[in-house]
Amino acid sequence: MKFTTTLLASSAIIGAGTLAFADAHADMAKEMTLVSWGGAYQASQDKAYLQPYLEMHPEISAVWDESSNEAVAKLRAMNEAGNVTWDLVDVVAADAIRLCDEGLAMEIDAEEMLAEAPDGTSAEDDFGDLLVSDCFIPQIVYSTTFGYRTDMVGDTPPTKICDVFDTEAYPGKRALEKRPINNMEWALLCDGVAKDEVYDVLATPEGQEKALAKLDTIKDDVIWWSAGADTPQLLADGEVVMGSTYNGRLFSVIEEQDQPVAMLWDAQVFDLDGWIIPAGLPDDRLARVKDFVKFATDTQRLADQSQYISYGPARLSSAPMVGKHAELGIDMAPHMPTDPANAKNTFLYNYEFWADYRDDIDAKFQAWLAQ
C-alpha cells in the first residue's frame, strides 16, 4: 500500500524492506487516544478507519473519548496544565480555526502528511476549499437539520424551518442544541432577516438580542441537548415533536431503527468536521498519529465511512465511491445533505464569523439560558 511505501522510503534504516518497516514503526507509540462525538458518527469512524488500522497494527491499542463538544475548553486546560493526553481530536471546522489561532493545534502540511488520490491528484487539490484552516484535516461534509415525529404532526407535516417556531400548528417540545450556533441563525431567518444578511445582523449587539428574543418565543418548549445522540433518542421516545441534530444521526433513527421520524431539510446548515492534532505531542505519539491520519483520510477510507452514515466524504476522489449502506443495502447518495433534492434551500455556516464571535456570543447565550 502507498502509505507503507512512504514509511519505508522515509525510514533512516537501510536494510531489507521488512526490517525497515519494522524499525520505522519501532519509534511509534503503542497507544492512541482518539476524541470524537460518540453515537452513530463515532461508530462509523471506528468501522471505516480505526478497526482496519488496528488489524494492520495488532501491536497497538486505541481508546475513544467522547468529548469533542468540549474539545476547545479541555485542550486549553490540558495545555495550561502541561499534560495533553489526547492524540487526535475530531472537531468542527470553526473549533479547528480557534484551536489553530490559539496555538493548541498543530499546523498540517497536506502534501507531506496526507495521501494522494488514486489518480495522483495531490491531497491539497483533492480536499480543495475544505482545507479551511492550516491545522484542519477534513473528513466529512454534514448538516445540522431537523427531524420530526410523523405521528405527532397531524396531516400537514412541517416543511419550513420556521415551523419550528410555530407552537400553535405544531404543539409539543422541541430539541435544540445548548449553544448559540445555528439556533441564532435560524431565529434571525424566522424573524424576517434575509439569508445573505444574517451574519451582518448577528455581528451587532442588537442583532444578537433580536435572535435571543425570537428564541424566547419557544424557550419554554425547548429541551436542550449537548450530545448528538440526544435528539434521536428524544424523538424515538416521543418526548419531542421535532428536534435539531446532525443529519447522520437522523438517518440512523429513521433507516436503521425504523422509527416514525422524517427529515426537515429546509435551511439545513452545511458544516465540516475533521481532525486536529494537538500541538506539542511527544515524537513517538506524533509519529503514530501521523501514520494513522494518512491512512484514515485516504480516498478509500473516507468513501468507506459513507457506508455507515449519511455524511459526504470531504475528498473529491471519494465521492464516486459512495455506494450502498454496508448493512441495510440501500443507496446512500439520496440520504446525503448534498443531494440536490435535499439541498434546495441550504444555509452556509460562516467559519470565520464564529471563530471571531464565538466566545462573546456564547457568554450571552448562556446568560440568556440561565434567566
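Per chain, residue numbering runs from 1 following the sequence as it is written. Restriction of local features to residues with pLDDT of at least 70 applies here, the model being predicted, together with a cutoff of 80 or more for giving and counting side-chain atom pairs; totals for whole chains, interfaces and linings are based on all residues. Think of the side-chain values as coming from all heavy atoms in the structure, minus any hydrogens and water.

Under the annotation held in an unreviewed UniProt entry, the chain carries the name Spermidine/putrescine ABC transporter substrate-binding protein and is attributed to marine sediment metagenome.

(A) Inspection of the overall build of the chain at higher detail. When you go through the chain residue by residue, the secondary structure sums to 15 helices and 10 strands. Only C-alpha atoms enter the radius of gyration, while the globule expectation follows 2.2 Å times N to the 0.38, with N the number of residues. The globule rule puts the C-alpha radius of gyration for 371 residues at 21 Å, and the 21 Å found for the chain is close to it. C-alpha extents for the chain along the principal axes are approximately 75 × 45 × 35 Å. For the exposure calls, accessible area comes from a 1.4 Å probe over protein chains only, and a residue counts as buried if that area is under 20% of its type's maximum, exposed if over 50%, partly exposed in between. Counting every position in the chain, which comprises 371 residues, the buried fraction comes to 54%. Residue contacts follow a heavy-atom distance rule, with two residues in contact if any of their heavy atoms lie within 4.5 Å. Here the contacts in the chain between residues at least 6 apart in sequence split such that 75% fall between residues at least 24 apart. Summing over all exposed atoms, the chain offers an accessible surface of approximately 15600 Å²; the carbon and sulfur share of this is 49%. Lys and Arg are tallied as positive, Asp and Glu as negative. Neither His nor the chain termini are counted. Every charge is mapped onto a representative atom, which is NZ of Lys, CZ of Arg, CG of Asp or CD of Glu. Treating the 27 positive side-chain charges of the chain as one cloud and the 64 negative ones as another, the clouds have centres 3 Å apart. Strands here are runs of E lasting at least two residues and helices are runs of H or I lasting at least four, both read from the DSSP assignment and numbered beginning at the N terminus. Computed with a 1.4 Å probe, the accessible areas rest on the Shrake-Rupley method; for each residue, only the protein chains presented here act as cover.

(B) Representation of the packing of helix α3 (residues 39-56) against helix α13 (residues 283-296). As a rule, the C-alpha atoms of each element are fitted with a line to give its axis, helices using only the stretch in contact, and angles between N-to-C directions run from 0 to 180 degrees. In contact at an axis separation of 10 Å, α3 and α13 are set at 120° when each is read in the N-to-C sense. The angle between the axes of α3 and α13 places the two elements in the oblique class. In terms of crossing hand, the pair formed by α3 and α13 is right-handed. Contact residues: Y49, L50, P52, Y53 and M56 in α3; R288, D291, F292, F295 and A296 in α13. Split by residue class, the contact of α3 with α13 holds 8 nonpolar, no polar and 2 charged. Orientation is classified from the angle alone, with under 35 degrees giving roughly parallel, over 145 giving roughly antiparallel, 65 to 115 giving roughly perpendicular, and any other angle giving oblique. Crossing handedness: left-handed means the near helix sits turned counterclockwise from the far one by under a right angle, and right-handed means the same turn made clockwise. The nonpolar class holds Ala, Val, Leu, Ile, Met, Phe, Trp, Tyr, Cys and Pro. Asp, Glu, Lys and Arg form the charged class, and all remaining residues, Gly among them, are polar.

(C) Molecular detail of the state of the cysteines. The definition used for a disulfide is geometric: two cysteine sulfur atoms within 2.5 Å. All chains considered together, the criterion is met by 2 disulfides. The side chain of C100 participates in a disulfide bridge whose partner is C135; the two sulfur atoms lie 2.0 Å from each other. Taking the sign of the S-S torsion, about 60° here, the bridge from C100 to C135 comes out right-handed. On the criterion of sequence distance, the pair formed by C100 in helix α5 (residues 93-101) and C135 in the loop between α7 (123-127) and β4 (137-149) is long-range, its members being 35 residues apart. Each member of the pair C100 and C135 is classed as buried. Two residues share a disulfide in this structure: C162 and C190, whose sulfurs sit 2.2 Å from each other. The chirality of the disulfide connecting C162 with C190 is left-handed, given an S-S dihedral of about -100°. You can see C162 sitting in the loop between β4 and β5 (174-177) and its partner C190 sitting in the loop between α8 (183-189) and α9 (198-202), a full 28 residues away along the chain. Once the disulfide-bonded cysteines of the chain are ranked by sequence position, their pairing pattern turns out to be 1-2, 3-4.

(D) How the structure looks around the environment of E31. Note that E31 resides in strand β1 (residues 31-35). The exposure class of E31 is exposed, given its relative accessible area of 59%. Measuring from C-alpha to C-alpha, the distance between E31 and L348 comes to 38 Å, with 317 residues separating the pair along the chain. Not counting the four nearest positions on each side in its chain, E31 is found in contact with S61 and D87.

(E) Focus on the nonpolar core. The set of buried Ala, Val, Leu, Ile, Met, Phe, Trp, Tyr and Cys residues whose side-chain atoms join them within 4.5 Å is what this entry labels a nonpolar core. One finds M184, L202, L215, I277, F292 and W354 to be the most contacted residues of the largest nonpolar core, which totals 89 residues. What counts as a domain boundary in this text is fixed by an automatic or database domain assignment. Two domains each provide a minimum of three residues to this core, namely domain 1 (2-141 + 273-321) and domain 2 (145-269 + 353-370). Apart from the residues lying within four places of it in its own chain, the contact partners of W354 are A94, P180, I181, M184, E185, Y199, L202, Y349 and I361. Grouped together as the second largest cluster of nonpolar side chains are 18 residues, I140, A175, V240 and V261 included.

(F) Quick peek at the pairing of strand β2 (residues 61-65). As judged from the 5 bridges shared by β1 and β2, these two strands associate in the parallel manner. Along β2, the bridge assignment pairs E31 with S61. For the handedness criterion, the strands are oriented away from the viewer, and a crossover whose path from the first strand over the helix to the second runs clockwise is classed as right-handed. Of the crossover connections in this fold, the one passing from β1 over α3 to the parallel β2 is right-handed. Strands pair, by our definition, only if DSSP identifies at least two bridges between them.

(G) Molecular detail of the side chain of S122. Inspection of the secondary structure puts S122 in the loop between α6 (110-113) and α7. Taking the relative accessible area as the measure of exposure, S122 reaches 15% and is therefore buried. Think of a polar contact as two N or O atoms within 3.5 Å of one another; within protein, one of them needs to be a possible hydrogen donor and the other a possible acceptor, and neighboring residues in sequence only count if both atoms come from side chains. A distance of 3.1 Å separates the side chain of S122 from the backbone nitrogen of D125, its partner in a polar contact.

(H) Molecular detail of the packing of aromatic side chains. Planes of paired rings set the category: under 30 degrees apart is stacked, over 60 is edge-to-face and the rest tilted, where pairs are Phe, Tyr or Trp rings (Trp by its six-membered ring) whose centres lie within 6.5 Å. Taken as a whole and assessed by the stated rule, the structure comprises 17 aromatic pairs. Here the aromatic rings of F353 and Y357 are separated by 4.5 Å at their centres, their planes lie at 20°, and the arrangement is stacked. Here the residue F353 and the residue Y357 both occupy positions in helix α15 (residues 351-370), the gap between them amounting to 4 residues, near one helical turn. Look at F353 and you get buried, because its relative accessible area is 6%. Over the aromatic face of W368 sits the side chain of K219, whose NZ or CZ is 4.4 Å from the ring centroid. Any Lys NZ or Arg CZ that is within 6 Å of a ring centre and within 35 degrees of that ring's normal is treated as a charge sitting over the ring.

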